[in-house]
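# Breakdown of the fold
Read off the chains here:
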Amino acid sequence: MFASALLVSFIPILTCDFIVTSDGPCHFYNSQILVSWLIEGQGEFYKPFLQLNQNLEPNWITNALQVPLLKIVPSVAAERIFFALYLLGFAFGLRKVILLVNPQAGFLVIIGIVFAWNLVLMKGFTNNAWSIVIWFWLIASWIKLLRSNSVGQYLIVALLFFLLYLAHPIGLIFGLIASLCLLLGWGVFHYRLKGWRAFIGFIMNRSAVLMLCSFAPAILFISFYLRHPWSSEANAFHFDHIFMDLLRMPSLINLSFAEQPLVYLFSILMNVLLVIAIVGRIRKRELKRFDGMLILFLSSLFIIFNPPSSVAGGLEVSFRLGLFVHLSALFWMATHDYSKFVQVAASVWAMLIITGMMYLRWPIHRQASAYASEIMEVSDSIDTRSTLLVLNYDWSGKTPEGQQISDRAWLFTHVDCYLGISKDLAISDNYEANFWYFPLIERWETNMYFQTDKDKVNFDNRPPRADFNSYKRRTGQYIDYVLMLSYRDEFAAHPYTQEIFNQLDTDYIQISRSEHGRAILYKRQLY
């Protein structure tokens, strides 16, 4: 059943040319720039627009994985391999932890696979998503280290802490919390067996090991935190809203609100299993070695009800934390010995939910991939080493028949960045380069967000606005191509649209139009 659940989860990767996520194409685009700049020595074109980050920051794990993939295999294959590695790392890392906690609780892995495709991933927060994967493997390695004094295990734990730093601050923080909670739970178990002296000796010894393994990432994180001022989280948090979100699990509603009933059924399953575990453990009145997982679960609950500021990056901090709460609960639930009936019933229930979710999601994945493929139709008309301004009129996307593709996530905010994976292009909506903690940083003097704005409104507005004919005067660089995405006649009367067409009529000519008209390309005329 584990293999079946994993196979169902692989359907989009096996059947779609593009795995479209909101920010994902932009990450791949920047990874391709790093390939051209750092490996192939073709960075001169990008230097007027971008500079390399001189600090080692979080949010780099995605680029670290994609750069070698893009160098070895074609870009479309690289994206599919990237997501395949994520799914395999998630499923087998989760399985490793649960089986280490209790080999009789393996059925919980099938339930955990439901969390693999989540809204964090579909928003393209791939660094955050990978931090969960690495978190699993860190917990598994830390458990092994608690059992032994292997030098090789020290090195593995230290490496995983470093990778968590590169992935995302939330993952690193929860990695430290999980390690401390497991250490405390293990120590209390030692005390019950061998007394205070054994407890103190064990805690001191393993605490020193934890400090040694996490010292370098902790110093790097402190340096990262102090390097820039931080704004507060933009969203207001309310106890009742957070509590209801924990029950509703909105992070599992990925592509369509039609998934909501299945998510509710899954929430019921999780809560039933949690209640069974609580009642069963109370009745047995026994302390187990892995009850540190309960401390981890309670700690994650405390954090989500007292969320940090936007130090985690990208805001929506409490939204990101929900996954850690549910996964921590799953780990502690593994300490209970469920009856065979519960194991089979829960596994079948979870398998039906996984299948039902994929039944709803797969057509949307296919439509999103088809839209990305249609945009790529104009690629052959764009010369390499060119600048491209993108005017995107619909972030949620429309099918050729005019139906909305996704009513849950804005999948197409940066879908045009796929064009920059096959050739050297400076693309306007490289949002990633506007954040100082990514590998590439935008140069203000040529930044198209700022240098094509008019009255502080730019192409990120809906409908977009851009003063691109003055870009040469402002920056010394030309905008070679203008790409209109999902343009429809309903936008024609808007004054921003009229401004855009007046500029196109002056200096540009239409040279390509995709099959269904969702991508229209204009090229600057040379006089």
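Quantities reported herein were computed from a predicted structural model and do not represent experimental measurements.

## So, the pattern of salt bridges
- The final tally for this structure, using the stated rule, is 20 salt bridges.
- With a closest N to O distance of 2.8 Å, Lys47 and Glu44 form a salt bridge.
- Where Glu490 meets Arg488, a salt bridge forms, and the shortest distance between an N and an O atom there is 3.1 Å.

## Observations concerning a nonpolar patch on the surface
- A cluster of nonpolar side chains, namely Phe215, Ile219, Ile222, Tyr225 and Leu226, defines an oily patch on the protein surface of about 540 Å² accessible area.
- Turning to its location among the elements, Ile219 is positioned in helix H11 (residues 196–227).

## Thoughts on the packing of helix H12 (residues 239–248) against helix H14 (residues 292–305)
- At a minimum axis distance of 10 Å, the contact between H12 and H14 shows a crossing angle of 135°. Taken together, H12 and H14 sit at an angle that is classed as oblique. Seen from H12, the contacting residues are Phe239, Ile242, Phe243 and Leu246; seen from H14, they are Leu301, Ile304 and Phe305.
- Considering only residue class, the contact of H12 with H14 consists of seven nonpolar, no polar and no charged.

## Looking at the sheet that holds strand S6 (residues 508–513)
- With respect to topology, five strands assemble into an open sheet ordered S3-S2-S5-S7-S6, the strand pairing being mixed. Unpaired on one side and paired on the other, strand S3 (425–427) and S6 mark the two borders of the sheet. The mean angle between the axes of side-by-side strands here comes to 25°, regardless of whether they run parallel or antiparallel.
- One ladder, built from five bridges, connects strand S5 (residues 481–485) with strand S7 (residues 519–524); its direction is antiparallel. In the sheet register, Tyr481 faces S7, and the bridge partner there is Lys523.

## With respect to the side chain of Asn53
- Topologically, Asn53 is positioned in the loop between strand S1 (50–52) and helix H4 (61–72).
- The exposure class assigned to Asn53 is buried, which follows from its relative accessible area of 11%.
- A distance of 3.0 Å separates a polar side-chain atom of Asn53 from the backbone oxygen of Phe438.
- In contact with Asn53, other than residues within four places in its own chain, are Trp60, Trp436, Tyr437, Phe438, Pro439 and Ile441.

## Side note on the nonpolar core
- Residues Leu108, Ile111, Trp135, Phe266, Leu273 and Met293 are the most contacted members of the largest nonpolar core, which totals 185 residues.
- In terms of residues, this core owes the most to one element, helix H8 (residues 126–147), which gives 14 residues.
- When near neighbours in sequence (up to four residues on either side) are disregarded, Ile111 contacts Phe266, Leu269, Met270, Leu273, Leu330, Ala346 and Ala350.

## Section: the packing of H8 against helix H10 (residues 169–194)
- Between H8 and H10, the shortest axis-to-axis distance is 10 Å and the interhelical angle comes to 25°. By the angle between their directions, the pair H8 and H10 is classed as roughly parallel. The two elements H8 and H10 meet at a crossing, and its hand is right-handed. Across the interface between the two elements, Ser131, Trp135, Leu138, Ile139, Trp142, Ile143, Leu146 and Arg147 from H8 touch Gly171, Phe174, Gly175, Ala178, Ser179, Leu182, Leu183 and Trp186 from H10.
- For the contact of H8 with H10, the class distribution of residues is 11 nonpolar, four polar and one charged.

## Quick look at the environment of Asp460
- Within the secondary structure layout, Asp460 lies in the loop between helix H17 (448–451) and helix H18 (471–475).
- Overall, the relative accessible area of 35% leaves Asp460 in the partly exposed class.
- Residues Asp460 and Asn392, spaced 68 residues apart in sequence, show a C-alpha to C-alpha distance of 8.0 Å.
- Leave out the neighbours within four places in its chain, and Asp460 touches Trp395 and Tyr449.

## Points about the pairing of S6
- Pairing between S6 and S7: five bridges, direction antiparallel. Across the sheet, the residue bridging to Ile509 is Lys523, located in S7.
- Count of turn residues in the S6/S7 antiparallel hairpin: five residues, of which Gly517 carries a positive phi of about 75°.

## Overview of the packing of aromatic side chains
- Using the criterion set out here, one finds 37 aromatic pairs in the structure.
- Centroid distance Tyr431 to Phe438: 6.4 Å. Interplanar angle 75°. Geometry classified as edge-to-face. Assigned by exposure class, Tyr431 and Phe438 land together as buried.
- Pairwise contacts between aromatic rings join Phe28, Phe82, Phe83, Tyr86, Phe90, Trp130, Trp135, Phe136, Phe174, Phe324 and Phe331 into one cluster.
- Of note, Arg95 hangs over the ring of Phe2, and the distance from its end group to the ring centre comes to 5.2 Å.

## Observations concerning the environment of Ser470
- Summarising the element assignment, Ser470 is placed in the loop between H17 and H18.
- For the pair formed by Ser470 and Phe290, sequence separation is 180 residues and the distance between their alpha carbons is 64 Å.
- Polar contacts involving the side chain of Ser470 include one to the side chain of Asp467, which spans 2.9 Å.

## Considerations on H10
- Relative to the 38 Å expected for 26 residues at 1.5 Å per residue, H10 spans 37 Å between its end C-alpha atoms, a close match to the ideal helical length.
- Within two residues after H10, Gly195 carries a phi angle of roughly 95°, on the positive side.

## Examining the state of the cysteines
- The full count for this structure, using the stated rule, is zero disulfides.
- The cysteine Cys16 is free of any disulfide, with Cys417 supplying the nearest cysteine sulfur at 20 Å.
- Taking the relative accessible area as the measure of exposure, Cys16 reaches 0% and is therefore buried.
- Not engaged in a disulfide, the cysteine Cys417 finds its nearest cysteine sulfur in Cys26; these two sulfurs lie 4.2 Å apart.
- Among the residues examined, Cys417 registers a relative accessible area of 0% and is labelled buried.

## Side note on H4
- A rise of 1.5 Å per residue sets the reference length of H4, with its 12 residues, at 16 Å; its end C-alpha atoms lie 18 Å apart and thus fit the reference within 8%.
- Residues of H4 that are buried: Ile61, Thr62, Asn63, Gln66, Val67, Leu69 and Leu70.
- Contacts made by the buried residues of H4 are with helix H3 (24–39), helix H5 (75–101), H8 and helix H9 (151–167).

Criteria and thresholds
Residues numbered from 1 in each chain as written. Predicted model: local features only at pLDDT ≥ 70, side-chain atom pairs only at ≥ 80, totals over all residues. Heavy atoms only, no water. Salt bridge = Lys/Arg side-chain N within 4 Å of Asp/Glu carboxyl O. Patch = residues over 30% accessible without salt bridge, like charges linked within 9 Å, V, L, I, M, F, W, Y side chains within 5 Å. Areas by Shrake-Rupley, 256 points an atom, 1.4 Å probe, with all protein chains shown as cover. Helix = DSSP H or I, 4+ residues; strand = E, 2+ residues; numbered from the N terminus. Axes fitted to C-alpha atoms, helices over the stretch in contact; angles between N-to-C directions. Parallel < 35°, antiparallel > 145°, perpendicular 65-115°, else oblique. Contact = heavy atoms within 4.5 Å. Nonpolar A, V, L, I, M, F, W, Y, C, P; charged D, E, K, R; others polar. Pairing = 2+ DSSP bridges. Buried < 20%, exposed > 50% of the residue type's maximum accessible area, 1.4 Å probe, protein only. Polar contact = N/O pair within 3.5 Å; in protein donor to acceptor, adjacent residues only side chain to side chain. Core = buried A, V, L, I, M, F, W, Y, C linked by side-chain atoms within 4.5 Å. Left-handed = near helix turned anticlockwise from the far one by under 90°. Phe/Tyr/Trp six-rings, centres within 6.5 Å; stacked < 30°, edge-to-face > 60°. Lys NZ or Arg CZ within 6 Å of the ring centre and 35° of its normal. Expected span 1.5 Å × (residues − 1). Disulfide = S-S within 2.5 Å.

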